[in-house]
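Examination of the molecular architecture
Single-letter residue listing:
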Amino acid sequence: MSTRAVTVTMDDSLARARELFNEHHFHHLLVVQGPTLLGIISDRDLLKAVSPHIGTLSETDRDRATLNKRAHQIMSRKLITVAADTTVEAAAQLLLEHRVSCLPVVTTAGLLEGIITWRDLLHEYLRHTPAGG
C-alpha cells in the first residue's frame, strides 16, 4: 500500500487534475472531502473528458472549456475499497474480479489511508518469489 495517495476535492477543475497526472506520472487520483474518500478519477477517465485538441494548433475555446469541468463530474463513485489489513491475495482477487487497477485503502469510517495498485501487488509477489523461479 502506498500512503502517498494524491488527492483532489470534488470542485477541483480537470485542469488541476491534468496537472497532477502530468506532474506525478501515476494513473489514479482520489477525490476526497477532508479525509473522506468520495470517488476516483483514472487517467483514462480524464482522457475521455478532456478534448484531445488541447495543446494543439486546432484548440478552440470549446476545447479549453473541457478543462473547466469539475472532478465530481467525471469521478467514479462506485468504489471498490479495502482495509489496511486486507491480504495481498484478497486484494489481487478484488482487482481481477471487479476489473479495476487500484483499490483505495479506507478505514471503517471511510477515511482514506492509502492506495493499492496492481504494481504494488506485483512488487509484493516478486519480493516473495525466489530469483529465477
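Here, the structure is the one placed above.
Position labels on residues start from 1 in each chain and follow its written sequence. With the structure being a predicted model, the display of local features is reserved for residues of pLDDT at least 70 and the display and counting of side-chain atom pairs for 80 or more, all residues being used for whole-chain, interface and lining totals. Working from all heavy atoms in the structure, the side-chain values ignore hydrogens and water.

**Details of the overall build of the protein chain**
Here a helix means four or more residues in a row that DSSP labels H or I, a strand means two or more in a row labelled E, and each is numbered from the N terminus. Scanning the protein chain from terminus to terminus reveals 6 helices and 5 strands. For the protein chain, the sequential pattern of α-helices and β-strands runs β-α-β-β-α-α-α-α-β-β-α. Taken along the three principal axes of its C-alpha coordinates, the protein chain extends 55 × 40 × 25 Å. Burial classes: relative accessible area under 20% of the type maximum marks a residue as buried, over 50% as exposed, and values in between as partly exposed (1.4 Å probe, protein chains only). Going through the 133 residues of the protein chain one by one, you find that 35% of them count as buried. Between two residues, a contact is recorded if the distance between any of their heavy atoms is within 4.5 Å. Within the protein chain, contacts between residues at least 6 apart in sequence are counted, and of these 52% link residues at least 24 apart.

**Let's talk about the pattern of salt bridges**
Whenever Lys or Arg places a side-chain nitrogen within 4 Å of a carboxyl oxygen from Asp or Glu, that contact is recorded as a salt bridge. Inspection of the entire model under this criterion finds 4 salt bridges. A salt bridge links Glu19 to Arg16, with the shortest nitrogen-to-oxygen separation between them at 3.4 Å. On the criterion of helical spacing, the pair formed by Glu19 and Arg16 is a turn pair, its members being 3 residues apart in helix H1 (residues 14-24). Relative accessible area serves as the criterion here: at 36%, Arg16 is assigned to the partly exposed category. Its salt-bridge partner being Glu124, residue Arg127 comes within 3.4 Å of it at the nearest N-O pair. With a gap of 3 residues between them, Arg127 and Glu124 both fall in helix H6 (residues 118-127), about one helical turn apart. Arg127 gets classed as exposed once you look at its relative accessible area, which sits at 62%.

**A closer look at the nonpolar core**
Here is a general trend for soluble globular proteins: nonpolar side chains tend to be buried in one another's company. Only buried residues count toward a nonpolar core, which is a set of Ala, Val, Leu, Ile, Met, Phe, Trp, Tyr and Cys residues joined through side-chain atoms within 4.5 Å. By size, the foremost hydrophobic cluster in this structure holds 18 residues, and its most contacted members are Leu29, Ile41 and Leu46. At 4 residues, H1 tops the list of elements feeding residues into this core. Residues contacting Leu29, with those up to four places away along its chain left out, are Val6, Thr7, Val8, Ala17, Leu20, Phe21, Gly39, Ile40 and Ile41. In terms of nonpolar packing, the next biggest core, distinct from the first, is built from 8 residues, Ile80, Val82, Leu103 and Leu121 among them.

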